[in-house]
Amino acid sequence: MLVNNPQRVFYALASLPRRRIIAFLSQTALSTADLADRFAMSRPAVSRHLSVLERAGLIGGERQGQRVLYRLNRDALLGALARFASEVDGPLRHAPPSQRSPRNAI
């Protein structure tokens, strides 16, 4: 697993198929073949998505015999989302009260 880089994390999360893969992996460990069976996608396409997620640090793979089982790295996902929320919230907390309204926040 590589370092949890915000750009890689949000690039990985920008894809609907990858978010769906994360949803499945949040429930159980699955192989590339297991995931391909759940999507209208080839194994190589699933493998490419898994590679992006793995480079972002959002999942990890563990070899079991002939196959690799992938699992969600919850701490990496939650950490990235918490850092993002903190980055967004920080400027709002330090703004004068007149600029804190939701309408002026964006």
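A short tour of the structure in this document, coming up. (Residues numbered from 1 in each chain as written. Predicted model: local features only at pLDDT ≥ 70, side-chain atom pairs only at ≥ 80, totals over all residues. Heavy atoms only, no water.)

1. Description of the packing of aromatic side chains
Next, step 1: The full count for this structure, using the stated rule, is two aromatic pairs.
Next, step 2: On the numbers, 5.2 Å between centres and 55° between planes, the contact of Phe 10 with Phe 84 is tilted. Of the two residues, Phe 10 sits in helix H1 (residues 6–13) while Phe 84 sits in helix H5 (residues 74–94), which places them 74 residues apart along the sequence.
Next, step 3: The class of Phe 84 is partly exposed, set by a relative accessible area of 41%.
Next, step 4: Here Phe 24 and Phe 39 contribute two aromatic rings whose centre-to-centre distance is 5.6 Å and whose plane-to-plane angle is 80°, an arrangement assigned as edge-to-face. Pair noted here: Phe 24 is in helix H2 (residues 16–25) and Phe 39 is in the loop between helix H3 (32–38) and helix H4 (43–55), with a separation of 15 residues, a long-range link. (Phe/Tyr/Trp six-rings, centres within 6.5 Å; stacked < 30°, edge-to-face > 60°. Helix = DSSP H or I, 4+ residues; strand = E, 2+ residues; numbered from the N terminus. Buried < 20%, exposed > 50% of the residue type's maximum accessible area, 1.4 Å probe, protein only.)

2. Things to note about the pairing of strand S2 (residues 67–72)
Next, step 1: Where strand S1 (residues 59–64) and S2 come together, six bridges link them in antiparallel fashion. Looking at S2, one finds that Arg 63 is bridged to Val 68.
Next, step 2: Here S1 folds back onto S2, and the loop between the two strands holds two residues, one of which, Gly 65, carries a positive phi near 65°. (Pairing = 2+ DSSP bridges.)

3. Notes on the packing of H2 against H4
Next, step 1: Interaxial distance between H2 and H4 falls to 10 Å at its minimum, and their mutual angle equals 75°. As judged from the angle between their axes, H2 and H4 are roughly perpendicular. Note on element contacts: H4 touches H2 through His 49, Leu 50, Val 52 and Leu 53, opposite Pro 17, Arg 18, Ile 21, Ile 22 and Leu 25.
Next, step 2: For the contact of H2 with H4, the class distribution of residues is seven nonpolar, one polar and one charged. (Axes fitted to C-alpha atoms, helices over the stretch in contact; angles between N-to-C directions. Parallel < 35°, antiparallel > 145°, perpendicular 65-115°, else oblique. Contact = heavy atoms within 4.5 Å. Nonpolar A, V, L, I, M, F, W, Y, C, P; charged D, E, K, R; others polar.)

4. As for the nonpolar core
Next, step 1: Grouped together as the largest cluster of nonpolar side chains are 21 residues, with contacts concentrated most on Ile 21, Ile 22, Leu 25, Leu 35, Leu 50, Leu 53 and Leu 58.
Next, step 2: Of all the secondary-structure elements, those providing two or more residues to this core are H1, H2, H3, H4, S2 and H5.
Next, step 3: Per-element tally for this core: the top contributor is H4, with four residues.
Next, step 4: Discounting chain neighbours no more than four positions away, the residues touching Leu 53 are Ala 12, Arg 18, Ile 21, Ile 22, Leu 58 and Ile 59. (Core = buried A, V, L, I, M, F, W, Y, C linked by side-chain atoms within 4.5 Å.)

5. Quick look at the pattern of salt bridges
Next, step 1: The final tally for this structure, using the stated rule, is one salt bridge.
Next, step 2: The partner of Arg 67 in a salt bridge is Asp 34, and the shortest N-O contact between them spans 3.6 Å. Taken together, the positions of Arg 67 in strand S2 and Asp 34 in helix H3 put the pair 33 residues apart, joining distant regions of the chain. (Salt bridge = Lys/Arg side-chain N within 4 Å of Asp/Glu carboxyl O.)

In short, the description is geometric, and any link to function would need to be established separately.
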